[in-house]
Amino acid sequence: MKYQNVCLESFACTLPDEIVSTGTLEKQLEPVYSRLRLPAGRLELLTGITERCVWNKGTTIGAQSTITARKLIQQSGVNPQHIGALIHGSVCRDYLEPATACGVHSALSAEFGLPQTGFVYDVSNACLGIMSGIIQIADKIELGHIKAGIVVGTENSRALMETTVRHLNTDLSITRKSIKTEFASLTIGSGSAAVLLVHKSISKTGNKLLGGAAIAKTEHCALCRSVPEHNNTAGDEPSMNPLMQTDSETLMKEGVAAAAETFEEFLSEVQWRREDIEVTFCHQVGKAHQQLLFETLQLPPEINFSTIQYLGNTGSAALPTAAAIGTGKGLADRKRAALLGIGSGINVIMLGVEWNKTLTG
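Residues numbered from 1 in each chain as written. Predicted model: local features only at pLDDT ≥ 70, side-chain atom pairs only at ≥ 80, totals over all residues. Heavy atoms only, no water.

A.B. asks: Any chance you could explain the overall build of the protein here in plain terms?
C.D. replies: Secondary structure summary: the protein contains eleven helices and 13 strands in total. In terms of overall size, the protein behaves like a compact globule, its C-alpha atoms giving a radius of gyration of 20 Å where 361 residues would be expected to give roughly 21 Å. Dimensions of the protein, computed from the C-alpha atoms along their principal axes, are close to 65 × 45 × 35 Å. Scored against the burial criterion, the 361 residues of the protein give a buried share of 54%. (Helix = DSSP H or I, 4+ residues; strand = E, 2+ residues; numbered from the N terminus. Rg over C-alpha atoms; globule rule 2.2 N^0.38 Å. Buried < 20%, exposed > 50% of the residue type's maximum accessible area, 1.4 Å probe, protein only.)

Okay, here's the thing in structure tokens:
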């Protein structure tokens, strides 16, 4: 895919105040750690994650996404009348219907007067929901359907974290071998991110979205699955509390292999060489994944901006949050930036941006 008229104008993110250290999480897992004789410190050693954030109880996805999108609009100074699309792209949502995007759009319309003519909907694509939304809005801008659009999403890891801890401590069938599929659930953090794309004619930054590549390796769709926890006290009825089963080792291997294939097409599409890439913002999984990814892509690891150590894996918000924090520090100014997204499914999306300057509001 290639774009001639699209600018990736700005990123924004908001993060929870509550921090859960990996040490604290392991203390909560003391029953299963003792039963299976697992050494303390194992989780941080394997993942490189020292802490993650979680939203306060009662936080709703739409309300938090509204806060983040409001921050994006205010810092960019975009004319609200130009925003012809609002896509909500996180795994988490408030309801099965209507789209979470509708509530966010309604709140922003009341405050900023967004136009009623436009596109408002949710996109679900695991950790690539926001990246998928970026492509859809870029397409609409390139085709002349809209002048600007926002992708926003909020991930709330509290339910998964608490359900996983309870499950591990109470299910006596779990063994040292089977617990491996649960560890990925303990890396998940909370966060919220938003992205503004505009037509180049109204851009204040000149941050050119050049294009990119996408590949789907759906033969690996069963490697990571999130399902409702079944309520054993009430028959077989599922609850709203999620559990996630992940073959982390195979997912990492196949995900990086898919990324390597995508990367070659990405370089061809944006007409870059490896050495042209000056900064990268990636989906944040863990230290082993990042190391293998950069070794496989033959990129120097020092060009990557990482947040995994203190945010964990924040799902669809991970890559745009890293980009929001990194660009806010001026790390991408006047540089070629690569957005490298890998999500369960397996799906890979990579985008190239000639980043000129950052809007700070």
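A.B. asks: Honestly, the packing of helix 8 (residues 248-270) against helix 9 (residues 287-297) in this entry has me stumped. Any pointers?
C.D. replies: A pair of packed helices is characterised by two quantities: the angle between their axes and the separation of those axes. Running from amino to carboxyl end, helix 8 crosses helix 9 at an angle of 35°, the nearest separation of the two axes being 10 Å. Crossing of helix 8 over helix 9 shows right-handed handedness. The residues of helix 9 that touch helix 8, namely those facing Met252, Val256, Ala259, Ala260 and Phe263, are Ala288, His289, Leu292, Leu293, Thr296 and Leu297. Of the residues assigned to the contact of helix 8 with helix 9, the class counts are nine nonpolar, two polar and no charged. (Axes fitted to C-alpha atoms, helices over the stretch in contact; angles between N-to-C directions. Left-handed = near helix turned anticlockwise from the far one by under 90°. Contact = heavy atoms within 4.5 Å. Nonpolar A, V, L, I, M, F, W, Y, C, P; charged D, E, K, R; others polar.)

A.B. asks: Help me out: how do you make sense of the packing of aromatic side chains in this one?
C.D. replies: For any pair of aromatic rings, the description rests on two quantities: the centre-to-centre distance and the angle between the ring planes. One pass over the full model with this rule turns up four aromatic pairs. Both rings, one in Phe11 and one in Trp355, keep their centres 5.8 Å apart while their planes meet at 20°; by these two values the pair is stacked. Residue Phe11 is found in strand 1 (residues 6-14), and its partner Trp355 is found in strand 13 (residues 347-355); the two are separated by 344 residues along the sequence. Take Trp355: its relative accessible area is 4%, and that puts it in the buried class. Taking the centre distance of 6.3 Å and the plane angle of 70° together, the rings of Phe281 and Phe305 count as edge-to-face. Within this pair, whereas Phe281 is found in strand 11 (residues 279-282), its partner Phe305 is found in the loop between helix 9 and helix 10 (308-311), the two being separated by 24 residues in sequence. Under the relative-accessibility criterion, Phe281 is labelled buried at 1%. Take Phe305: its relative accessible area is 12%, and that puts it in the buried class. Among the aromatic residues, those joined into a cluster by ring pairs are Phe263, Phe266 and Trp272. In this arrangement the basic side chain of Lys140 is found over the ring face of Phe119, its NZ or CZ atom lying 4.1 Å from the centre. (Phe/Tyr/Trp six-rings, centres within 6.5 Å; stacked < 30°, edge-to-face > 60°. Lys NZ or Arg CZ within 6 Å of the ring centre and 35° of its normal.)

A.B. asks: What is the right way to read the pattern of salt bridges from this model?
C.D. replies: Between side chains of opposite charge, pairing is possible as soon as their charged atoms come close. Going through the model one piece at a time under the given rule, you end up with seven salt bridges. Here Glu162 and Arg158 are joined by a salt bridge, their closest N and O atoms 3.1 Å apart. Of this pair, Glu162 and Arg158 are both found in helix 7 (residues 158-170), four residues apart, which corresponds to roughly one turn of the helix. Overall, Glu162 belongs to the partly exposed group, its relative accessible area being 34%. Of the charged contacts in the structure, one is a salt bridge between Glu264 and Arg274, with a shortest N-O distance of 2.6 Å. Here Arg274 lies in the loop between helix 8 and strand 11 and Glu264 lies in helix 8, a separation of ten residues in the sequence. When salt bridges that share partners are traced, they join Glu18, Arg158 and Glu162 into one network. (Salt bridge = Lys/Arg side-chain N within 4 Å of Asp/Glu carboxyl O.)

A.B. asks: Would you mind showing me how to read the packing of helix 4 (residues 61-76) against helix 5 (residues 100-112) here?
C.D. replies: At a minimum axis distance of 9 Å, the contact between helix 4 and helix 5 shows a crossing angle of 45°. Put simply, helix 4 runs oblique to helix 5. For helix 4 against helix 5, the interelement crossing comes out right-handed. Residue-level contacts link Ile61, Gly62, Ser65, Thr66, Ala69, Arg70, Ile73 and Gln74 of helix 4 to Thr100, Val104, Ala107, Leu108, Glu111 and Phe112 of helix 5. Tallied by class, residues from the contact of helix 4 with helix 5 come to seven nonpolar, five polar and two charged. (Parallel < 35°, antiparallel > 145°, perpendicular 65-115°, else oblique.)

A.B. asks: In this structure, what is going on with unusual backbone geometry? I would like to understand it.
C.D. replies: If a residue is not glycine, its phi is most likely negative; likewise, a peptide bond is most likely trans. The peptide bond linking Glu97 to Pro98 adopts the cis configuration, its omega dihedral lying at 0°. Within the secondary structure layout, Pro98 lies in the loop between strand 4 (83-88) and helix 5. Residue Ile346 follows Gly345 across a cis peptide bond; omega there is -15°. We note that Ala126 has phi near 50°; this positive angle belongs to a residue other than glycine. In this fold, Ala126 is placed in the loop between strand 5 (119-122) and helix 6 (129-142).

A.B. asks: Even after reading the chapter, I still don't get helix 11 (residues 318-328), so can you show me in this structure?
C.D. replies: Turn by turn, an α-helix covers 3.6 residues, leaving residues three or four places apart pointing in a common direction. Across the eleven residues that make up helix 11, a large majority, ten, are buried. Those residues of helix 11 that sit buried are Ala318, Leu319, Pro320, Thr321, Ala322, Ala323, Ala324, Ile325, Gly326 and Thr327. Once helix 11 ends, the next one or two residues include Gly330, with phi positive near 80°.

A.B. asks: Before we go on, may I ask you to explain the nonpolar core in this structure?
C.D. replies: The nonpolar side chains of soluble globular proteins are, as a tendency, buried together. In terms of nonpolar packing, the biggest core is built from 40 residues, with Leu197, Phe281 and Leu339 touching the most fellow members. Taken together, the elements giving at least two residues each to this core come down to strand 1, strand 4, helix 6, strand 7 (191-199), strand 11, helix 11, strand 12 (335-343) and strand 13. Here this core gets seven residues from one element, more than from any other, and that element is helix 6. Contact partners of Phe281, with chain neighbours within four places excluded, come to Asn304, Phe305, Leu319, Ala322, Ala323, Gly326, Thr327, Ala332, Ala337, Ala338, Leu339 and Leu340. (Core = buried A, V, L, I, M, F, W, Y, C linked by side-chain atoms within 4.5 Å.)

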